[in-house]
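Spelled out from the first residue to the last, the chains are:
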Amino acid sequence: MYAEKMRLDGRIAVVTGGGRGIGLAICEALAEHGAEVIIADIDPEIGARGQAALAEKGYRTSVHPLDVTKPAEVEALAAELVARHGRVDILVANAGIARSGVAAEDTEDERWLNVNDVNYNGVFWCNRAFGRHMLKAGRGAIVNIGSMSGIISNRPQKQTYYNAAKAAVHQLTSSLAAEWADRGVRVNAVAPTYIETEMTSYRHDNDGMIDVWLRDTPMHRMGKPDEIASVVHFLASDASSLMTGTTVVADAGFTCW
Ligand code: NDP
């Protein structure tokens, strides 16, 4: 019974920003448990590369170009997938950008608007569009990717625009969960620590940055994409059927200190 609850056979799952990094690991975790996965990434080449990497491991996925900042594109994708598959069971709103390293007082309008547009507005557009179809079907699981940065303020890099957007994602998650809880749609979030992806590669260009990160982390290490994908899989599966509105912190203990 317990192993069965982890299975996703026949479920239709969309992962935004699924072409690489954490998103790609999520696609693999969901596919390995039987889901039919749609990789929705802004960059078709990255999406195709991710699809090829999963194909080598034996998982068949499809790729769809999607810019999460465009509500009309998001609506169109949701409608198209529902028309094709009859429903969408799982949405993982993972697409995000960081653009770390600029102090609050120096933050340009463009940077603030862009980071909030992808990381916050984009999450809402996706939740709204896919959530609407899930409500109609009376079932669905949404997992939003927040961040420990929505709980703490990172150092030494400055990134107020990112931290504030991620905190908003956590609150959006619990508000939507409350509205949709008695209509079969669960909405949860994951708040990762520093994960080894393209997004954090700037650590290599900043002397001593990684030392500060690891000193502040009780486990003294960064995470790997698969360590977030496992948590997302759990939240997307029936194994978490009693959970909604929660932000699960997967942070190597970072927020303990
Ligand atoms: P990556 O930069 O490796 O991957 C993000 C993916 O999202 C890329 O393929 C990117 O495409 C895509 N993307 C960017 N903008 C859009 C958009 N407008 N519409 C659709 N897709 C888009 O990042 P990670 O895998 O590291 O991050 C994934 C999520 O995890 C993000 O939400 C991030 O904030 C969060 N997170 C990451 C942490 C980390 O340490 N890595 C820690 C905590 C949270 P392109 O390359 O073309 O921009």
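Residues numbered from 1 in each chain as written. Predicted model: local features only at pLDDT ≥ 70, side-chain atom pairs only at ≥ 80, totals over all residues. Heavy atoms only, no water.

## What about the site of the ligand?
Taken together, 29 residues form the shell around the ligand, and within it Arg20, Asn94, Tyr162, Ile195 and Thr197 come nearest. A distance of 3.0 Å separates an oxygen atom of the ligand from a polar atom in the side chain of lysine 166. In isolation the ligand has 890 Å² of accessible area, and contact with the protein removes 92% of it. Structurally, the ligand is housed in the largest pocket. Elements with a minimum of two residues in the shell around the ligand: helix 2 (21-32) and helix 6 (160-180). (Near = heavy atom within 4 Å. Polar contact = N/O pair within 3.5 Å; in protein donor to acceptor, adjacent residues only side chain to side chain. Areas by Shrake-Rupley, 256 points an atom, 1.4 Å probe, with all protein chains shown as cover. 1 Å grid on protein atoms, 1.4 Å probe; cavity = no way out; pocket = protein on both sides within 12 Å on 5 of 7 lines; lining within 4 Å. Sits in = over half its atoms within 2 Å of the grid points. Helix = DSSP H or I, 4+ residues; strand = E, 2+ residues; numbered from the N terminus.)

## Observations regarding the pattern of salt bridges
One pass over the full model with this rule turns up 15 salt bridges. One salt bridge in this structure joins glutamate 110 and arginine 99, with 3.0 Å as the shortest N-O distance. With glutamate 110 in helix 5 (residues 109-137) and arginine 99 in the loop between strand 4 (90-93) and helix 5, this pair connects stretches of sequence that are 11 residues apart. By relative accessible area, which is 30% here, arginine 99 ends up partly exposed. Arginine 111 serves as the salt-bridge partner of glutamate 108, at 2.9 Å between the closest nitrogen and oxygen. The class for arginine 111 is buried, based on a relative accessible area of 13%. (Salt bridge = Lys/Arg side-chain N within 4 Å of Asp/Glu carboxyl O. Buried < 20%, exposed > 50% of the residue type's maximum accessible area, 1.4 Å probe, protein only.)

## Overview of helix 8 (residues 225-236)
Helix length check: helix 8 (12 residues) gives 16 Å between terminal C-alpha atoms against 16 Å at 1.5 Å per residue, within 8%. All of the buried residues in helix 8 are Pro225, Ile228, Ala229, Val231, Val232, His233, Leu235 and Ala236. The inward-facing, buried residues of helix 8 abut helix 1 (2-6), helix 2, strand 4, strand 5 (140-145), strand 6 (185-192) and strand 7 (247-250). (Expected span 1.5 Å × (residues − 1). Contact = heavy atoms within 4.5 Å.)

## Brief notes about unusual backbone geometry
Look at the link from arginine 155 to proline 156: it is a cis peptide, with omega at 5 degrees. Take proline 156: it is sitting in the loop between strand 5 and helix 6. A positive phi is found at histidine 220, a non-glycine position, where the angle reads about 55 degrees. Inspection of the secondary structure assignment puts histidine 220 in the loop between helix 7 (209-215) and helix 8. At alanine 252, a residue that is not glycine, the phi angle is positive and equals roughly 55 degrees. Here alanine 252 shows up in the segment after strand 7.

## What to know about the side chain of glutamine 159
For glutamine 159, the position within the fold is in the loop between strand 5 and helix 6. Judged by its relative accessible area of 5%, glutamine 159 is buried. A polar contact of 2.9 Å, which involves the side chain of glutamine 159, links it to the side chain of asparagine 154. Apart from the residues lying within four places of it in its own chain, the contact partners of glutamine 159 are Ser100, Val102, Ser149, Asn154 and Tyr202.

## Here we look at the packing of aromatic side chains
With the rule as written, the count across this model stands at four aromatic pairs. Ring plane angle 5 degrees and centroid distance 3.7 Å describe the contact between tyrosine 194 and tryptophan 213, whose orientation is recorded as stacked. Taken together, the residues tyrosine 194 in the loop between strand 6 and helix 7 and tryptophan 213 in helix 7 connect sequence positions 19 residues apart. Assessed through its relative accessible area of 6%, tyrosine 194 is described here as buried. Under the relative-accessibility criterion, tryptophan 213 is labelled buried at 0%. One aromatic cluster is present, formed by Tyr194, Tyr202, Trp213 and Phe254 through successive ring pairs. (Phe/Tyr/Trp six-rings, centres within 6.5 Å; stacked < 30°, edge-to-face > 60°.)

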